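Results of the structural survey
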Amino acid sequence: LRRAFAGWYKKWYGVELNPDTEIQPLIGSKEGILHITLAFVNPGEQVLIPNPGYPTYTSLSKILGAEVVNYDLKEENGWLPDFDELEKMDMSRVKLMWTNYPNMPTGANATPELYERLVDFARRKDIVIVNDNPYSFILNEHPISILSVPGAKGCCIELNSMSKSHNMPGWRIGMLASNADFVQWILKVKSNIDSGMFRAMQLAAATALEAEKEWYDGNNANYRNRRRLAGEIMHALGCTYNPDQTGMFLWGKIPESCTDVEELTERVLHKARVFITPGFIFGSNGKRFIRISLCCKDDKLAEALERIRKINE
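Residues numbered from 1 in each chain as written. Predicted model: local features only at pLDDT ≥ 70, side-chain atom pairs only at ≥ 80, totals over all residues. Heavy atoms only, no water.

1. Overview of the overall build of the chain
Of the regular secondary structure elements, the chain holds 11 helices and 11 strands. Seen through its C-alpha atoms, the chain measures out along the principal axes to roughly 60 × 45 × 35 Å. For the chain, with 313 residues in total, the buried portion stands at 52%. A separation threshold of at least 6 residues defines the contact pool for the chain, and within that pool the share at least 24 residues apart is 72%. Roughly 14300 Å² of accessible area belongs to the chain as shown, and the carbon and sulfur atoms make up 50% of that amount. (Helix = DSSP H or I, 4+ residues; strand = E, 2+ residues; numbered from the N terminus. Buried < 20%, exposed > 50% of the residue type's maximum accessible area, 1.4 Å probe, protein only. Contact = heavy atoms within 4.5 Å. Areas by Shrake-Rupley, 256 points an atom, 1.4 Å probe, with all protein chains shown as cover.)

2. Side note on the side chain of Ser163
Structurally, the position occupied by Ser163 is in helix H6 (residues 162-165). Contacts of Ser163, omitting those with residues within four sequence positions, involve Met168, Pro169, Arg172 and Ile173.

3. A closer look at the environment of Pro50
For Pro50, the location among the structural elements is in strand E2 (residues 46-51). Between the C-alpha atom of Pro50 and that of Ala230, which follows or precedes it by 180 residues, the distance is 25 Å. Not counting chain neighbours up to four residues away, the residues in contact with Pro50 comprise Tyr57, Asn70, Tyr71, Leu73 and Trp98.

4. What about the sheet that holds strand E7 (residues 174-177)?
With mixed pairing, the seven strands of this open sheet are ordered in space as E1-E7-E6-E5-E4-E2-E3. One side of each edge strand has no neighbouring strand; the edge strands of this open sheet are strand E1 (23-26) and strand E3 (67-72). On average, adjacent strands in this sheet sit at an angle of 25° to one another, irrespective of strand direction. Relative to the sheet, helix H2 (residues 29-40) contacts E1, strand E4 (94-100), strand E5 (128-132), strand E6 (156-161) and E7, its axis offset from that of E6 by approximately 160°. Helix-sheet contacts for helix H3 (residues 55-63) involve E2, E3, E4 and E5, and the interaxial angle to E2 is about 160°. (Pairing = 2+ DSSP bridges. Axes fitted to C-alpha atoms, helices over the stretch in contact; angles between N-to-C directions.)

5. A word on the nonpolar core
Residues Phe5, Met97, Leu147, Ile233, Leu237, Ile276 and Ile290 are the most contacted members of the largest nonpolar core, which totals 81 residues. Dropping the residues within four chain positions of it, Ile233 is found in contact with Ile276, Ile292, Leu301, Ala304, Leu305 and Ile308. By size, the runner-up hydrophobic cluster in this structure holds 20 residues, among which are Val47, Tyr57, Ile157 and Leu159. (Core = buried A, V, L, I, M, F, W, Y, C linked by side-chain atoms within 4.5 Å.)

6. A closer look at the sheet that holds strand E10 (residues 277-278)
Taken in spatial order, the four strands of this open sheet run E8-E9-E11-E10, and their pairing is antiparallel. The open sheet has two free edges, formed respectively by strand E8 (240-241) and E10, since each of these has just one partner strand. In this structure, E10 lies alongside strand E11 (residues 289-293), joined through two bridges in antiparallel fashion. Bridge assignment links Pro278 to a residue of E11, and that residue is Ile290. Where helix H10 (residues 261-272) meets the sheet, its contacts fall on E10 and E11, and the angle it forms with E11 comes to roughly 40°.

7. Some words on the environment of Trp171
Within the secondary structure layout, Trp171 lies in the loop between H6 and E7. Separated by 31 residues in the primary sequence, Trp171 and Gln202 place their C-alpha atoms 9.5 Å from one another. Beyond its immediate sequence surroundings of up to four residues, Trp171 is in contact with Met201 and Ala204.

8. Structural notes on the packing of aromatic side chains
Throughout the structure, instances matching the rule amount to 21 aromatic pairs. Ring plane angle 70° and centroid distance 5.8 Å describe the contact between Tyr13 and Phe137, whose orientation is recorded as edge-to-face. With Tyr13 in helix H1 (residues 2-13) and Phe137 in the loop between E5 and E6, this pair connects stretches of sequence that are 124 residues apart. For the pair Tyr13 and Phe137, a shared accessibility class is recorded, and that class is buried. By the ring-pair criterion, three or more aromatic residues cluster together here, those being Phe5, Trp8, Tyr9, Trp12, Tyr13, Phe137, Trp215 and Tyr216. (Phe/Tyr/Trp six-rings, centres within 6.5 Å; stacked < 30°, edge-to-face > 60°.)

9. Quick word on the pairing of E5
For E5, a buried count of five out of five residues is recorded, marking the element as mostly surrounded by other parts of the structure. The side-chain alternation of E5 yields two buried faces, one formed by Val128, Val130 and Asp132 and the other by Ile129 and Asn131. Where E4 meets E5, five bridges bridge the pair, whose relative direction is parallel. For Thr99, the partnering residue across the bridge sits in E5 and is Asn131. On the question of chirality, the crossover connecting E4 to the parallel E5 by way of helix H5 (residues 112-125) is right-handed. Pairing between E5 and E6: four bridges, direction parallel. The partner of Asn131 across the bridge, within E6, is Glu158. (Right-handed = clockwise from strand over helix to strand, strands pointing away.)

Following this line, the structure appears as structure tokens:
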């Protein structure tokens, strides 16, 4: 499985990884968030977490006694880190900085320039960047990895997951990649918590990693149709969104006529019996946004659209 992940990274990201020392398979990448935090952060030390961002970055940091420090992602900055703001922050107690591109929930995509700036920032501030990269094959023509930046392995860890890229949720097969020392530190924690994955699933995953471009294209054809339906739902709700989003969610801004996001989501829930995720669960910067998941199948999205249109008649 490690060899298969190394081949996958070389083929799709152009990143050379030593399968024996620079890759650690995980029982899903969420497990990696726990193990990385245990390996790198002592209670009372700080972790930089994006706002908005995946809630598990915050919850696990708090459970383990770390101090959460949010950094802003804002619409006017394309949901990318504000490096001017980051430069002003006290980094003396910061150990990790979590990043996630293509971003969940906003759909913002990474660029080589962003990754280069993050690696430079990590080196200068003596922190570790952990880039969570599970969505790079969903509605994204050019998957990239932070590890493609020269020297990134020395200060970065990247997580990846087959749940998203290969439609394998529930198999719990993910991985992390970094330099050999970081991988060993994490493995020291992990090996005291679990005993790894069932071998047959590892072999099946290794085969799945051999998929060619045609398979990814077919997968994205499904997501593209769901994305179209999600966009129609956004329009039916009077929401606006950036059509350049990537990943498996659609992030939309509620109309100015709504006092807050719950005014919209509660009306849709109680009148149309459709649940839509309010953006504030990802952080305060999401308070006027909603998120629609493209994991939802076409028929359910079509039904949700029809129900919403009926309450608007």
